[in-house]
Amino acid sequence: DVKVTQSSRYLVKRTGEKVFLECVQDMDHENMFWYRQDPGLGLRLIYFSYDVKMKEKGDIPEGYSVSREKKERFSLILESASTNQTSMYLCASSFSQITAYGYTFGSGTRLTVV
Amino acid sequence: GDSVTQMEGPVTLSEEAFLTINCTYTATGYPSLFWYVQYPGEGLQLLLKATKADDKGSNKGFEATYRKETTSFHLEKGSVQVSDSAVYFCALNQAGTALIFGKGTTLSVSS
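Computed from a predicted structure; not experimentally measured.

Cut-offs used in this document
Every residue gets a number counted from 1 within its own chain, in the order that chain's sequence is written. Lettering for chains starts from A, numbering for ligands starts from 1, and both go in the order in which the items are written. Totals for whole chains, interfaces and linings use all residues, but because this is a predicted model, local features are given only for residues with pLDDT of at least 70 and pairs of side-chain atoms are given and counted only at 80 or more. Computation of side-chain values: all heavy atoms of the structure, hydrogens and water removed. Paired rings are identified among Phe, Tyr and Trp, the last through its six-membered ring, by centres lying within 6.5 Å, and are further divided according to the angle between planes into stacked (under 30 degrees), edge-to-face (over 60) and tilted (the rest). Secondary structure is summarised from DSSP: a helix means a run of H or I of at least four residues, a strand means a run of E of at least two, and numbering begins at the N terminus for each. Burial here depends on accessible area, computed with a 1.4 Å probe over protein chains only, as a share of the maximum for the residue type. Under 20% is buried, over 50% is exposed, and the range in between is partly exposed. Whether two residues touch is decided by their heavy atoms; if any such pair falls within 4.5 Å, the residues are in contact. Reported buried area values correspond to the accessible surface (1.4 Å probe) lost by two parts on association, with both partners' losses combined. We define a salt bridge as a contact between a side-chain nitrogen of Lys or Arg and a carboxyl oxygen of Asp or Glu at a distance within 4 Å. Whenever a nitrogen or oxygen atom comes within 3.5 Å of another N or O atom, the pair is scored as a polar contact, on the condition that within protein one atom can donate a hydrogen and the other can accept it, and that pairs from neighbouring residues in sequence are kept only if both atoms are in side chains. Lys, Arg, Asp and Glu make up the charged group, whereas Ala, Val, Leu, Ile, Met, Phe, Trp, Tyr, Cys and Pro make up the nonpolar group; the residues left over, Gly among them, are polar.

J.: Lay out the packing of aromatic side chains in plain terms, naming residues and giving numbers.
T.: If you walk through the whole model with that rule in mind, you get 15 aromatic pairs over all chains. Note on Tyr 25 of chain B and Tyr 66 of chain B: the rings are 6.0 Å apart at their centroids and 80 degrees apart in plane angle, and the pair reads as edge-to-face. On the criterion of sequence distance, the pair formed by Tyr 25 of chain B in strand β4 (residues 23–26) and Tyr 66 of chain B in the loop between β8 (62–65) and β9 (75–77) is long-range, its members being 41 residues apart. Its relative accessible area of 1% is what places Tyr 66 of chain B among the buried residues. The rings of Phe 33, Tyr 35, Phe 48, Tyr 50, Tyr 103 and Phe 105 of chain A together with Phe 34, Tyr 36, Phe 89 and Phe 101 of chain B are connected pair by pair, giving a single aromatic cluster.

J.: Any details on the interface of chain A and chain B? Residues and values, ideally.
T.: Every contact between the two is made by 20 residues of chain A and, on the other side, 21 residues of chain B. Overall, the association of chain A and chain B removes approximately 1600 Å² of surface from exposure, summing both partners, and the carbon and sulfur fraction of that is 54%. There are 0 salt bridges connecting chain A and chain B. Linking chain A with chain B are 5 residue pairs in polar contact (both at pLDDT 80 or more). Elements supplying a minimum of two residues to the side of chain A that touches chain B: β5 (31–38) and β6 (42–49) of chain A. Of the residues in the side of chain A that touches chain B, the class split is 11 nonpolar, 8 polar and 1 charged.

As structure tokens, this is what we get:
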């Protein structure tokens with residue numbers, strides 16, 4: 001089975017800190033995605049990548065950046081954490097841009113910014 | 001733009017009851033449609049999918065049929081169990097774009 005691993009299940013960071021959320025997939029998937037999940041808002045796309053060193057903004061990229069230096073790893077960076085970035089962050093990957101495949105998700109990182 | 005609308009929860013049922021969670025979509029093309037499930041404390045898992053009109057996706061007793069005429073993909077299960085308690089997300093995927101999700105519906109099943 002494809003596995004998407006997020007390095008931390010829970011994180012607590014201070015306002016203003018630079019925060020790195022790491023995601024690794026083990027099945028040579030081309031595409032990787034970062035979503036945040038908030039009650040009543042569902043999942044919102046932050047950034048995605050269809051190839052190494054390539055990135056595209058999603059619906060809510062403000063305050064975030066990403067890095068994809070290797071195919072299997074996609075990092076989400078909070079440049080200066082703020083309390084409104086307290087959320088559940090979900091990483092996902094997919095084999096290709098063929099829509100039928102669907103995505104495989106990691107278990108999520110619950111980030112609290114204090 | 002494309003969007004997904006699903007019924008607001010929470011949905012509260014007794015064990016063995018019939019489940020329907022409504023999902024409708026707006027899309028300009030011919031998207032693939034998905035249902036994902038999120039159990040407490042976990043990430044999302046693909047539950048079922050359909051890639052063209054009139055396709056029926058099924059898994060673990062859940063079913064959904066891709067209805068282009070009504071732009072719907074309603075999730076159904078004939079007899080729910082306590083273990084089905086989770087959050088269910090309807091989603092669509094168009095070529096060249098990322099998955100678009102509904103806001104999720106919480107299902108709570110009591111014994």
